[in-house]
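# Chain and residue survey
The residues making up each chain are set out below.
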Amino acid sequence: MQRTGAATPSTAMALVKLESSDDPKPAGAKDCITTALKGLETIAPLVRSVEETPEPISTEVQGNIPSWINGSLLRNGPGKFEFGNTHYNHWFDGMAMLHQFKILNGEVTYMSRFLNSDAYKKNSERDRIMMSEFGTLAMPDPCKNFFQRFLSRFEMIEATDNASVSFVKYKGDYYVSTETNFMHRVDPENLETVEKVDWSKFIAVNGATAHPHYDPDGTAYNMGNSYGSKGALYNIICVPPEKTDTKETLQGAKVLCSILPVNKSHPSYYHSFAMSENYVVFIEQPIKMDLLKIVTCKLRGKPLSEGIYWDPKQETVFHLVHKRTGEVSPVKYHTKAISTFHQINAFEEDGFLMLDICCSDDGQAINNYLIQNLRKSGDALDEVYNEMCRAFPRRFVLPLNVASDSPTGQNLNTRPLSQATCAKISKDKVYCCHEDLHGDDLQEYGGLEFPQIHYSRYNTRPYRYFYGCGFRHLVGDSLLKMDLKDKSLKVWYQQGFYPSEPVFVPSPDAVDEDDGVILSVVLSPSRDKATFLLVLNAKTMDELGRANVPVNIPYGFHGTFSPSA
């Protein structure tokens, strides 16, 4: 069954029974859960190791893939979950596999390669996990004697270069990135690993996110933490748009400013940040990192992930940094405890900054994505899903002109039709309450994550549409288009298939914001080699065509479209 057009509650999920929120909640359920599901399909095959496809193979195209699409969809994600008899514990730990779907004249070829990282090479050479990852601690080498194994417990964990999160771009070159200080420059034409690059060789940071933002001229902004004897700092990073030498990587990168955490030994974890025309917006959320636990995790025999925790007693704080001057706004914008992984957009208008993010009222999801959870079936799988909080799109309105004479205790949001509120509580504190960017029907699709917009034209500007995955499972199981004009949905859904993050590609003569296509890689756990690249009309969410790829692919994280020259 395929669903397109405006969403209605009745036809979405034929095999999954929906229980209303009036039903008794399962044990351990949290208040933010609005629906509980029964009979979820097992998705274990979507988190299995696969072989790479290093030479391009042809695909079978059904329907019509527009001839104007000329370039490659590049995707990143885990592709190998064990070495020998050692296996990874967390979804984020698997070895990075890079995918290329090359589109030319309505035809598609596919290829994939494992990232040739030091982690991959060391693990492969010994056929065991040699380097620790986010949720997996590498055990001491059994070939060492007892004393050497004992001493190795006192060594710091070596930062991984397993860059499995996304493709990013700096100075015109493509890199694959994770959240440590290491990236790899890759060739988008053949997916070969070209060069390992260390952020800390250029600026004083110990890592950077895999979600930079870009100004129209190509200037890149990012965020990364630094750790010193006095604790942690959050750093705003700027990378110039062009090379002065062909061999350059991150030369010229600079730290615009540093922000002190509320608690320097327990800084917030963050996966991304937001950016408007003039400001970088850092969201200091109550997902916290216990630095003492992280530093001593090897000594204690625990993975790094054990040092990350959710503290619902803490408020979330929005920090504004001016992109040109690096000045941090003395006004701090607070809201209740929320967690966010991905921002949708941010823009300034009439003295306000609109911050649109996907967020949830609970921050424990990161610890639920254990591979053993993703591979469960039956009631055990239902229980994992039903205990997790859904993410929904929300707007916060931040007043930019808060002065000493601004009234206290009343709503400063004067924007017509806006339901968000923002009230000055004290001299430099504004408390914000969000507006939902959706109707009740989004609950039918399990909320929305992996948001995407027409980035090149509408990032940092007022916009109308965003796209994402619906999450009626632990991974995306539908593709959604949200219209902010009336908060209406258009949906692509096909039972038993699981689409990746939607990537918007504008048509060459685009006039309207949604003139273009949506690209998504769709997988099926119940059919062998049933992968396909899906192409949707971004206006209607109707299918234009698909390219059937005769390989199995694990469910991945993020990607980008690289237009051909």
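This write-up is about the structure you can find in this document. Note that this is a predicted model, so its numbers are computed, not measured. (Residues numbered from 1 in each chain as written. Predicted model: local features only at pLDDT ≥ 70, side-chain atom pairs only at ≥ 80, totals over all residues. Heavy atoms only, no water.)

## Considerations on the pattern of salt bridges
Enumeration over the complete set of coordinates arrives at 27 salt bridges. Here Arg185 ties to Glu195 by a salt bridge, and the two come within 3.2 Å at their closest N and O atoms. One end of the pair, Arg185, is in strand S13 (residues 182–186); the other, Glu195, is in strand S14 (residues 193–198), and 10 residues separate them in sequence. Take Glu195: its relative accessible area is 27%, and that puts it in the partly exposed class. Asp215 is the partner of Lys323 in a salt bridge, and the nearest nitrogen-oxygen pair spans 2.8 Å. (Salt bridge = Lys/Arg side-chain N within 4 Å of Asp/Glu carboxyl O. Helix = DSSP H or I, 4+ residues; strand = E, 2+ residues; numbered from the N terminus. Buried < 20%, exposed > 50% of the residue type's maximum accessible area, 1.4 Å probe, protein only.)

## A few points about the environment of Lys293
One can find Lys293 in helix H3 (residues 291–295). The spatial distance from the C-alpha of Lys293 to the C-alpha of Ser507 is 50 Å, given a sequence separation of 214 residues. Once residues lying within four places of it in the same chain are set aside, the contact partners of Lys293 are Arg300, Glu306 and Gly307. (Contact = heavy atoms within 4.5 Å.)

## With respect to the side chain of Glu449
Summarising the element assignment, Glu449 is placed in strand S31 (residues 448–452). Among buried Asp, Glu, Lys and Arg side chains, Glu449 stands out as unpaired, with Arg390 the closest opposite charge at 10 Å. Separated by 2.7 Å, the side chains of Glu449 and His342 make a polar contact. In contact with Glu449, not counting residues within four places along its chain, are Phe341, His342, Cys358, Ala391, Gly468, Cys469 and Phe471. (Lys, Arg positive; Asp, Glu negative; His and termini not counted. Polar contact = N/O pair within 3.5 Å; in protein donor to acceptor, adjacent residues only side chain to side chain.)

## What about the packing of aromatic side chains?
Under the definition given, this model contains 19 aromatic pairs. Taken together, a centroid distance of 5.1 Å and an interplanar angle of 75° make the contact between Tyr270 and Phe282 edge-to-face. Taken together, the positions of Tyr270 in the loop between strand S18 (254–259) and strand S19 (274–275) and Phe282 in strand S20 (residues 279–284) put the pair 12 residues apart, joining distant regions of the chain. Between Phe347 and Tyr463, the aromatic rings sit 6.2 Å apart at their centres with planes inclined by 85°, giving edge-to-face as the arrangement. With Phe347 in strand S25 (residues 339–349) and Tyr463 in the loop between helix H7 (455–458) and strand S32 (465–470), this pair connects stretches of sequence that are 116 residues apart. Its relative accessible area of 3% is what places Phe347 among the buried residues. On the basis of relative accessibility, which here comes to 10%, the residue Tyr463 falls in the buried class. Through pairs of rings, three or more aromatic residues link up here, namely Trp91, Phe92, Phe134, Tyr369, Tyr555 and Phe557. Residue placement shows Lys196 over the ring face of Phe182; its charged tip is 4.1 Å from the ring centre. For Arg546, the ring lying beneath its charged end belongs to Phe532, and the centroid distance is 4.0 Å. (Phe/Tyr/Trp six-rings, centres within 6.5 Å; stacked < 30°, edge-to-face > 60°. Lys NZ or Arg CZ within 6 Å of the ring centre and 35° of its normal.)

## A few points about the pairing of strand S34 (residues 488–494)
On a regular strand, one side chain projects to one face of the sheet and the next to the other, so that they alternate. Counting buried positions along S34 gives 5 out of 7 residues, so the element sits mostly inside the fold. Where strand S33 (residues 478–483) and S34 come together, 5 bridges link them in antiparallel fashion. Bridging across to S34, Asp483 finds its partner in Ser488. In this antiparallel pair of consecutive strands, S33 and S34, the connection spans 4 residues, and Lys487 shows a positive phi of 55°. (Pairing = 2+ DSSP bridges.)

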